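Secondary and tertiary structure notes
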Amino acid sequence: MRLAMFSRDGHVGIAASSDGERFHGLLDDHADYPGDLDRLVTTGTALDAVARLLLTHAPVDLEGAELLPPLRRSGKIICIGLNYADHATESRAATADYPTVFGRFTCSLIGHRAPIIRPRLSSKLDYEGEFVAVIGRKGRHIARTDALDHVVGYTLFNDASVRDYQLRTSQWTVGKNFDGTGAFGPYLVTAADLPPGCAGLRLRTRLNGETVQDASTSDLLFDVATLIALLSEAFTLVPGDLIVTGTPAGVGAAREPPLFMKAGDICEVEMDGLGVLQNPIIDEIGVAEERVG
């Protein structure tokens, strides 16, 4: 099942689809509205049951609605760097025996079709297509063999990165958290509808229709189960936490000449079974006026 969050006519809505094309749903002013995905996931509500309920209601035209990030109040957004060997190589980094971990803040998140904002302070805005594991069950010191039982679903992410700010220090946090750079969606796909850990699926990123990243999720250095086991050694994973699993080779900063996103571009992240996350690029408000001046 696929579950999407959207906004229309001043109301938040939730919609479900069994095929990713025809959605049915409810707005939050309807008596049967079950709550948003943040609430449903954190309370352990069975998402398949919610989806079946939504499918009994009226069709929803998501093309005419604002798509929201599937979850907007996650307690932890845990991002993994250099998790594909070819990306580590192009970044001139050694292949690690422990994952590189950094965080994102919810204020950076945007949904499908919302604009990724190129900040006025930098022209080095890069794309990073990734998939996300959404935690649905609390755990600490989780065994790898049990780890995937803690995942409720998966979705897509574009970890758009402001490279000059990311690399000013050894800590990447600032360059990974500019407002409007964490594209997330278009919907949540329940774990049962995908291969375990999303293994063996094709992940692609396109910029203006040209494929710039193309890899198999089987190439992950640390797969989803391993990441859950390692991360839960340090802290408790709770429902609603996100694990953004890393990007493959092909990022703009590693190209010659570099390829950075600019206003007017369209960036798409696609993965088998998870649909397409598409976002236009715009300049931060005020840039055009400064250039004229």
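Residues numbered from 1 in each chain as written. Predicted model: local features only at pLDDT ≥ 70, side-chain atom pairs only at ≥ 80, totals over all residues. Heavy atoms only, no water.

A short note on the nonpolar core
Short version of the rule: We define the nonpolar core as a collection of buried residues of types Ala, Val, Leu, Ile, Met, Phe, Trp, Tyr and Cys that are connected through side-chain atoms lying within 4.5 Å of one another. For each residue, the accessible area found with a 1.4 Å probe, counting protein chains only, is set against the maximum for its type, and the residue is called buried under 20%, exposed over 50%, and partly exposed in between. A run of H or I in DSSP becomes a helix once it reaches four residues, and a run of E becomes a strand once it reaches two; helices and strands are each numbered from the N terminus.
In this structure, Phe131, Tyr154, Ile228 and Ile243 are the most contacted members of the largest nonpolar core, which totals 55 residues. Ranked by residues supplied to this core, first place goes to helix H5 (residues 224-234) with 6 residues. If you look at the next biggest cluster of nonpolar residues, it comprises 31 residues, including Met1, Val41, Leu68 and Val134.

Quick notes on the pairing of strand S6 (residues 77-81)
What counts, and what does not: Criterion used throughout: strands pair if DSSP finds at least two bridges between them.
When you tally the buried positions in S6, you get 5 out of 5 residues, the bulk of the element. What you see with S6 is no split at all: Ile77, Cys79 and Gly81 on one side and Ile78 and Ile80 on the other are buried throughout. Here 5 bridges tie S6 to strand S7 (residues 100-104), and the two strands are oriented antiparallel to one another. Paired with Ile77 across the strands is Arg104, a residue of S7. Here S6 runs beside strand S17 (residues 242-244); their pairing, made up of 3 bridges, is parallel. Directly across from Ile77, in S17, lies its bridge partner Leu242.

What about the confidence of the model for the protein chain?
Selection rule: Residue-level confidence of the predictor, termed pLDDT, takes values from 0 up to 100. Residues count as neighbours in contact if any of their non-hydrogen atoms are within 4.5 Å of one another.
Overall, the prediction assigns the protein chain a mean pLDDT of 94, with 97% of residues at 70 or greater. Considering only residues more than four positions removed or in separate chains, one finds that residues 287-293, a stretch of pLDDT under 50, has 4 contacts.

Some thoughts on the pattern of salt bridges
What counts here: Only one rule defines a salt bridge in this text: a Lys or Arg side-chain nitrogen within 4 Å of an Asp or Glu carboxyl oxygen.
Counted under the stated rule, the structure contains 20 salt bridges. A salt bridge links Asp159 to Arg104, with the nearest nitrogen and oxygen atoms 2.8 Å apart. Of this pair, Asp159 sits in strand S12 (residues 151-159) while Arg104 sits in strand S7, placing them 55 residues apart in sequence. With respect to class, Asp159 is no different from Arg104; both count as buried. Residues Asp265 and Lys262 are paired through a salt bridge, measuring 3.2 Å at the closest nitrogen-oxygen approach. Residue classification places Asp265 among the buried residues on the basis of a relative accessible area of 3%. Judged by its relative accessible area of 44%, Lys262 is partly exposed. Members of the salt-bridge network, linked through shared partners, are Arg104, Asp126, Glu128, Asp159, Arg163 and Lys176.

What about the sheet that holds strand S16 (residues 210-216)?
Note the threshold: Every axis corresponds to a line fitted to the C-alpha atoms, with the helix fit spanning only the stretch in contact, and the corresponding angles, defined between N-to-C directions, vary from 0 to 180 degrees.
On the basis of which strands lie adjacent, the open sheet formed by 5 strands has the order S9-S19-S18-S15-S16 and mixed pairing. The sheet is open, and its two borders are formed by strand S9 (116-118) and S16, each paired with just one other strand. Strand-to-strand twist in this sheet, taken as the mean axis angle between neighbours without regard to direction, amounts to 20°.

Describing helix H2 (residues 47-54)
This is how the line gets drawn: The directions from the helix axis to the C-beta atoms are what the arc is built from.
For H2, the complete set of buried residues consists of Leu47, Val50, Ala51 and Leu54. Along the long axis of H2, the arc covered by the buried residues comes to 100°, so they all point the same way. At its buried positions, H2 is contacted by strand S1 (2-8), strand S2 (11-17), strand S3 (23-27), helix H1 (37-42), S12 and strand S14 (182-190).

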